[in-house]
Amino acid sequence: LTEEEKALAKIVPVRKPGFVGPVESDFLTEKLGPQVGTRVRLGGNEAYETANYIDGKRTVADIVRAVSATYGTQNGADILEYLKVLAEAGLIEFRS
């Protein structure tokens, strides 16, 4: 495993109560401002699937592998940044 993969394997995103998805980009812009669009580098399908895999058990590394299996190789940093945006919007939290 790379250092990035080892780091992502220690982070578990957990949905907050009430977050059922899907996440609309308008919602993120409303919550975090228009600059949020520059932070989210995932396509719509990739972002949708990333959110679907948040179950409180899978690590970020697990989610990267699962989304990559469906949509081709994904950048772990991009998926982590999207998850950070979801956390800032109050939809998820992280545990180690």
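Summarised in this report is the structure supplied together with it. (Residues numbered from 1 in each chain as written. Predicted model: local features only at pLDDT ≥ 70, side-chain atom pairs only at ≥ 80, totals over all residues. Heavy atoms only, no water.)

Summing up its helical and strand segments, the protein has 6 helices and 2 strands in all. Beginning at the N terminus, the succession of helices and strands in the protein can be written as α-β-α-α-α-α-α-β. Here the C-alpha atoms of the protein give a radius of gyration of 12 Å, agreeing with the 12 Å that 2.2 N^0.38 yields for 96 residues. With the C-alpha coordinates aligned to their principal axes, the bounding extent of the protein is approximately 35 × 25 × 20 Å. Split into buried and exposed, the 96 residues of the protein put 41% on the buried side. The contacts of the protein with a sequence gap of at least 6 include a subset with a gap of at least 24, amounting to 76%. As presented, the protein carries roughly 5,600 Å² of accessible surface, and 49% of it is formed by carbon and sulfur atoms. Positive and negative side-chain charges in the protein, numbering 12 and 14 respectively, have mean positions lying 7 Å apart. (Helix = DSSP H or I, 4+ residues; strand = E, 2+ residues; numbered from the N terminus. Rg over C-alpha atoms; globule rule 2.2 N^0.38 Å. Buried < 20%, exposed > 50% of the residue type's maximum accessible area, 1.4 Å probe, protein only. Contact = heavy atoms within 4.5 Å. Areas by Shrake-Rupley, 256 points an atom, 1.4 Å probe, with all protein chains shown as cover. Lys, Arg positive; Asp, Glu negative; His and termini not counted. Charge placed at Lys NZ, Arg CZ, Asp CG, Glu CD.)

What follows concerns the side chain of D78. Turning to its location among the elements, D78 is positioned in helix 6 (residues 76–88). In this structure D78 comes out as buried when scored by relative accessible area, which is 15%. In contact with D78, other than residues within four places in its own chain, are R41 and L42.

Below, the discussion takes up the packing of helix 4 (residues 44–52) against helix 5 (residues 60–71). Between helix 4 and helix 5, the shortest axis-to-axis distance is 10 Å and the interhelical angle comes to 140 degrees. With respect to helix 5, the axis of helix 4 lies oblique. For the pair helix 4 and helix 5, the crossing hand works out as right-handed. On helix 5, the residues that touch N45, E46, E49 and T50 of helix 4 are I63, V67 and Y71. Grouping the constituent residues of the contact of helix 4 with helix 5 by class yields 3 nonpolar, 2 polar and 2 charged. (Axes fitted to C-alpha atoms, helices over the stretch in contact; angles between N-to-C directions. Parallel < 35°, antiparallel > 145°, perpendicular 65-115°, else oblique. Left-handed = near helix turned anticlockwise from the far one by under 90°. Nonpolar A, V, L, I, M, F, W, Y, C, P; charged D, E, K, R; others polar.)

Before going further, it helps to examine the packing of helix 5 against helix 6. Axis separation between helix 5 and helix 6 bottoms out at 10 Å; the angle between their running directions is 115 degrees. Crossing handedness for the pair helix 5 and helix 6: right-handed. On helix 6, the residues touching V60, I63, V64 and V67 of helix 5 are G76, I79, L80 and L83.

Read these as spatial facts, not as claims about activity.
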